[in-house]
Every structure is written in C-alpha cells, then in structure tokens.
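Here is what each chain is made of, one letter per residue.
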2 protein chains.
Amino acid sequence: MNEVIQQIRSHRSIRRYTDDPVTREQLESIIAAAQAASTSSYLQAASIIRVTDPEKRSRLVELSGGQPWVGKAPEFLVWCADFHRHRQLFPEARLGYTELLLISVIDTALMAQNALLAAESLGLGGLFIGGLRNHPDGVADLLELPLHVAPLFGMCLGHPAEDPILRPRLPQALILHENCYNPDLDHELLAGYDEEVRHYYAGRPGADRVTGWSEQVQETLSREARPHMRDFLQSRGFGLK
Amino acid sequence: MNEVIQQIRSHRSIRRYTDDPVTREQLESIIAAAQAASTSSYLQAASIIRVTDPEKRSRLVELSGGQPWVGKAPEFLVWCADFHRHRQLFPEARLGYTELLLISVIDTALMAQNALLAAESLGLGGLFIGGLRNHPDGVADLLELPLHVAPLFGMCLGHPAEDPILRPRLPQALILHENCYNPDLDHELLAGYDEEVRHYYAGRPGADRVTGWSEQVQETLSREARPHMRDFLQSRGFGLK
C-alpha cells in the first residue's frame, strides 16, 4: 500500500483538538488542494467561508444541533454550492436547474474531500458537519450568503487530541456490481458486517452505543430527513426546475 | 509540499490510455480507498457499477454524448446514489427527501474523489464523465438500476498515454471568504485569471479553443442545463419532497 492510499484509508473523524493553530500556510495549502479537484464544465461552482469570529462560531454550534467541536476546532470551514459569481459575471445565466444543483454539490464535495485529505497529510484531523443543514437558513443569514449560494456542510480542522479506531465499511461485494446492478441483498454477508460493526462500537471508549449497521439504518430512516431542505434550496435558487 | 498534497495537486483529466489493464488488486485497492471516505449518518448511500461488457460500453459512449474514452478506457465505473439497499433492509424507510439526495450525492462524490486519487497514486489516470447525465434513464435501463438508485457520473481509469498540463483554477481570493460572503467580484483579479486561462488553452496541442474562464461560463450557462434531471431523479425516488 503506497503512502497516498495509506493516508486515504486511515481516515477517522476527529472531534477533539489541541490548542495548536492551523497555520496560514497550511490553510492555503489545504485550499489549493481543494481547488485541484475536477470541476464539472470548468464551472468551479463552490465557495468556502472560513469562520474565525467567536460569536459566529457559537451561533454555528447552535445551528448545527449543539456540536461543541464546531465552536472549539482551530478552523471551521463552511462549504457552499455557489453560482453567485457566475450570475455576477453573466446576469442572463440560466440558473435554477436541478442539474446545476448536482454539479455544484459534486464540485463542492470533490473539493472538500481533497481538503480533508490534504489536512490529514499535514498531521491535522477533522470531520464533516452535515448538521449545518439542520438550520440552513440561519447559516445563510449568519454568513450573509447571497442568492445562488447554499451552505452544504461544515468542516472542523485542527491537531488531533484523540486517536479513534476506524469505523468498518460495508463489504465491497455489497457496493460493487459488474455490468448490472445486483438487487438481491446478501443477508449472510450483511449479518457478518453487522457483527463487525457491533464489535467496533463495543471497543470504543464508553461503548455507549452497541448496534449493528442495519439497526442504525432503521433508526435513521424511520425519521423524516430534514424536510425543509427542498424549500430552502429553492429559496436560494437551486433545484427549481 | 508532501507526497499526498503533491499527488492531489497534480490532477489532470486523462482521456487516452495504453492497453495495459488495471489489475484486480488495483481495483480492490481503489474501491477500498473510496469506502474510507466519510459517510453521512453512516448511511454509505452509494454503489459502483463496473462496466466490462463491450456492448454496454459502446452504448455508454452514445449515452454520454459520444465520448470515445468511455468505450476505450481499461476500466469504466458508474457511480450511483443508492438507497435500494436501505429499502430492502427496512421496507418502511422514509425516502424521497431532497436531504437524502444531498446525502447520497455527497457520499458518492467523496468516495469517487478518494478512488480517483488512489488510482492516480498507483500511476493510473482518469476522469469524471458527467455526460452520463445526458441520458440518465438510458443508463439506468442499461445497468438495470432498481428504484432508489440513480447514476450520478462515470469514471474512466487506465494507464495514461498522454501527459496534459494543469488547467488553472480561480484565485483563492475569489473562492475563500472570511466570516461572511464577499459578494463583490474582484474584476481585476478575474481579468488576470481569464488571461491565465487563455494562456493555458493557447499552450495546448492544437490550441483549438482559446478562451478565458468568463467566456466559458457564459457559453455554458446560456444553455439549459439538462432540464430532464429533476423529473429523472423523481422517477427514481429522489428529491420528491
């Protein structure tokens, strides 16, 4: 396994950080890595808001459902789908298509993954904060996002003060298909995976939650999934048509 | 610059390949790297269809707008948003929310970026094929995708038989904001970037298209952007509510 793949495969979400700052040079290097990702039709339909203001950070903790690391991480970046720039450049731009939502979400996610890997290669750790989508309108107001800009997720970064174990992923046979989709779930393989996931949770400090993957899926998908998101995105000019 | 960041920053789309195959071991390593990405609520809402059947490849060339590398690349992967697995496991799953579209698109894109970087670290090259969204219904039929599975993009992989130069990205100052979004486009900075982009195109073999970034944005966004995508996604169970 080469160094890059080793780096990629050693990813864990880091929620606790030392007080050491991320340097300006590191941040620039992380953003440059982000920008090196592929971009659909060369649109580069993403922006990043770095939040350093302590009051705004406190507010983001609330808006993301009370995640303390959003306030405490040395760096917090908000990743946004962005067609404002394009609109400014070309006021007649035909926006609002669902396809442009996809393009900007994919562009932004590719960039963010590059950024996280670059940060990890510098000895930093971090995690994605999807919880920003709990109150996306509050986030948009707080960061003064114009029309055609929508916050997608946050990212905490800092020097790790914890060393968690890796969370197991689905067996390759359940996610990789050849030539056509295999619709039949291999329940035996899944049962083995559920056991592996339970073992993972049992081994965590505190072992506060010991469940398989299947139980977590049921728990998550028995709830409504942020039912405000469609209206929110449409109010920002995304996914209207 | 460390090895990982160097790898990330040296990305270019590769469209021409030698006849050397991607080995089974390399493919497994690439998929394992993909799966190491963060996943929202641990849902792992993605699947990958590896297309090896030459007839299906030929059809995918047509469906993606006649891109020959889709047929010729040693490997072609179709990356899909996927809640079929979850639905099989838990028939009462509350699906159809726009939020779940976002989750699955972000999950899939993070995985795909890891995969491409892992491939590049192994000496391979590749590119994303957003053109699959020209005829997503045709792709879904061809690959027998069930309800709750939607193809997002393809990925060609193989040993590079070309060595293109890097395509310049927007200046950091235009995409990175601090504490609030700066809505005023710096036209001077943009003019310098447009000049850099023209210089890039002039330096390419053939120099068939010499335009700035601004002109390309205008050209792209003066057209309708795949206006079928909203209906397509809804027909697959995504973004209904």
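In this convention, every chain numbers its residues from 1, walking through the sequence in written order. To read the labels, note that chains go from A and ligands from 1, taken in the order they are written. Per-residue local features are limited, in this predicted model, to residues with pLDDT of at least 70; the limit for side-chain atom pairs, both in listing and counting, is 80 or more; totals at the level of whole chains, interfaces and linings are taken over all residues. Hydrogens and waters are ignored; side-chain quantities use all the structure's heavy atoms.

1. Brief notes about helix H2 (residues 24–35) of chain B
Residues and elements named next belong to chain B. What counts here: Think of it this way: any DSSP run of H or I at least four residues long counts as a helix, any run of E at least two long counts as a strand, and we number them from the N terminus. Between the first and last residue of a helix there are one fewer steps than residues, each counted as 1.5 Å, and that sum is the expected span. Categorising residues by exposure relies on relative accessible area from a 1.4 Å probe, with only protein chains included: less than 20% of the type maximum marks a residue as buried, more than 50% marks it as exposed, and the intermediate range marks it as partly exposed.
The end-to-end C-alpha distance of H2 is 17 Å, a good match for the 16 Å that 12 residues give at a rise of 1.5 Å each. Most of H2 sits inside the fold, with 9 of its 12 residues counted as buried. All of the buried residues in H2 are Gln 26, Leu 27, Ser 29, Ile 30, Ile 31, Ala 32, Ala 33, Ala 34 and Gln 35.

2. A closer look at the relation of the copies chain B and chain A
This is how the line gets drawn: C-alpha atoms of residues with pLDDT of at least 70 in both copies form the basis for the least-squares superposition of the copies. By definition in these notes, contact holds between two residues if any of their heavy atoms fall within 4.5 Å.
Least-squares fitting of chain B to chain A yields an RMSD of 0.0 Å, with the superposition described by an axial translation of 0.0 Å and a rotation of 180°. Here the two chains are linked by the operation of a two-fold rotation axis. Mapped onto chain A, 100% of the interface residues of chain B are again interface residues, and the two copies thus contact each other with one and the same surface.

3. Points about unusual backbone geometry
Phi at Ser 41 of chain B is positive, roughly 50°, even though this residue is not glycine. In this fold, Ser 41 of chain B is placed in the loop between H2 and strand E1 (46–50).

4. Regarding the packing of helix H2 (residues 24–35) of chain A against helix H6 (residues 98–121) of chain A
All names here are of chain A. The cut-off we apply is this: A fitted line through C-alpha atoms represents every axis, and for helices the fit uses only the stretch in contact; the resulting angles, taken between N-to-C directions, go from 0 to 180 degrees. Angles below 35 degrees are treated as roughly parallel, those above 145 as roughly antiparallel, those between 65 and 115 as roughly perpendicular, and all remaining angles as oblique. Throughout, a crossing is termed right-handed when the near helix is turned clockwise from the far one, and left-handed when it is turned anticlockwise from it by less than a right angle. Charged residues are taken to be Asp, Glu, Lys and Arg, nonpolar residues to be Ala, Val, Leu, Ile, Met, Phe, Trp, Tyr, Cys and Pro, and polar residues to be all remaining types, Gly included.
Close contact between H2 and H6 brings their axes to 7 Å; oriented N to C, the two are set at 140°. Classified by the angle their axes make, H2 and H6 are oblique. In the packing of H2 onto H6, the handedness of the crossing is right-handed. Contacts between H2 and H6 involve Ile 30, Ala 33, Ala 34 and Gln 35 from the former and Met 111, Asn 114, Ala 115, Ala 118 and Ala 119 from the latter. Looking at the contact of H2 with H6 residue by residue, the classes come out as 7 nonpolar, 2 polar and no charged.

5. Some thoughts on the sheet that holds strand E1 (residues 46–50) of chain A
What holds strands together in a sheet is hydrogen bonding between their backbones, with the strands either parallel or antiparallel. The test is simple: When DSSP finds two or more bridges between two strands, those strands count as paired.
With mixed pairing, 5 strands are arranged side by side in an open sheet as E3(A)-E4(A)-E2(A)-E1(A)-E5(B). The open sheet terminates on both sides in strands that have one partner only, identified here as strand E3 (125–129) of chain A together with strand E5 (176–178) of chain B. Direction aside, neighbouring strands of the sheet carry axes that sit 25° apart on average. The sheet contact formed by strand E2 (residues 75–82) of chain A and strand E4 (residues 149–158) of chain A spans 8 bridges and is antiparallel. Considered in E4 of chain A, the bridge of Phe 76 of chain A is made with Cys 156 of chain A.

6. Side note on the packing of aromatic side chains
All names here are of chain A. Convention followed: Any Phe, Tyr or Trp ring, taking Trp's six-membered ring, that has another such ring centre within 6.5 Å forms a pair; planes under 30 degrees apart are called stacked, those over 60 apart edge-to-face, and the others tilted. Only lysine NZ and arginine CZ atoms are considered, and such an atom sits over a ring when it is within 6 Å of the ring centre and within 35 degrees of the ring normal.
This model, assessed by the stated rule, comprises 10 aromatic pairs over all chains. Summarising the aromatic geometry, the rings of Tyr 200 and Tyr 201 are spaced 4.8 Å apart at their centres and angled 65° between planes, so their arrangement reads as edge-to-face. Of the two residues, Tyr 200 and Tyr 201, both sit in the buried class. Here the guanidinium or amino end of Arg 15 rests over the ring plane of Trp 69, the centre of that ring lying 5.4 Å away.

7. Let's talk about the interface of chain B and chain A
Let me state the cut-off plainly: By definition, the buried area sums, over both parts, the 1.4 Å-probe accessible area that each loses when the two are put together. Only one rule defines a salt bridge in this text: a Lys or Arg side-chain nitrogen within 4 Å of an Asp or Glu carboxyl oxygen. Any pair of N or O atoms that falls within 3.5 Å is considered a polar contact. Within protein, one atom must be able to donate a hydrogen and the other to accept it, and sequence-neighbouring residues count only if both atoms are side-chain atoms.
On the chain A side, the residues contacting the 113 residues of chain B number 113 residues. Of the roughly 10,300 Å² buried where chain B meets chain A, counting both sides, 61% is carbon and sulfur surface. Sorting the residues of chain B by area buried against chain A places Tyr 42, Tyr 181 and Leu 221 of chain B first, and these three jointly supply 9% of that buried surface. On inspection of chain B and its partner chain A, the count reaches 8 salt bridges. For Glu 99 of chain A, the salt bridge goes to Arg 133 of chain B, with nearest N and O atoms at 2.8 Å. Linking chain B with chain A are 63 residue pairs in polar contact (both at pLDDT 80 or more). A per-element tally of the side of chain B that touches chain A places helix H6 (residues 98–121) of chain B first, with 16 residues. When grouped by side-chain class, the residues that make up the side of chain B that touches chain A number 60 nonpolar, 30 polar and 23 charged.

8. Notes on the pattern of salt bridges
Tallied over the entire structure, the rule returns 26 salt bridges over all chains. For Arg 198 of chain A, the salt bridge goes to Glu 215 of chain A, with nearest N and O atoms at 3.1 Å. In this pair, Arg 198 of chain A sits in helix H9 (residues 187–202) while Glu 215 of chain A sits in helix H10 (residues 213–221), placing the two residues 17 residues apart along the sequence. We classify Arg 198 of chain A as partly exposed; its relative accessible area is 26%. One salt-bridge network, held together by shared partners, links Arg 50 and Glu 75 of chain A together with Glu 178 of chain B.

9. Brief notes about the sheet that holds strand E4 (residues 149–158) of chain B
On the basis of which strands lie adjacent, the open sheet formed by 5 strands has the order E5(A)-E1(B)-E2(B)-E4(B)-E3(B) and mixed pairing. Looking at which strands have only one partner, the edges of the open sheet turn out to be strand E5 (176–178) of chain A together with strand E3 (125–129) of chain B. In this sheet, neighbouring strand axes are inclined to one another by 25° on average, regardless of whether the strands run parallel or antiparallel. As paired elements, E1 of chain B and strand E2 (residues 75–82) of chain B share 5 bridges and run antiparallel to each other.

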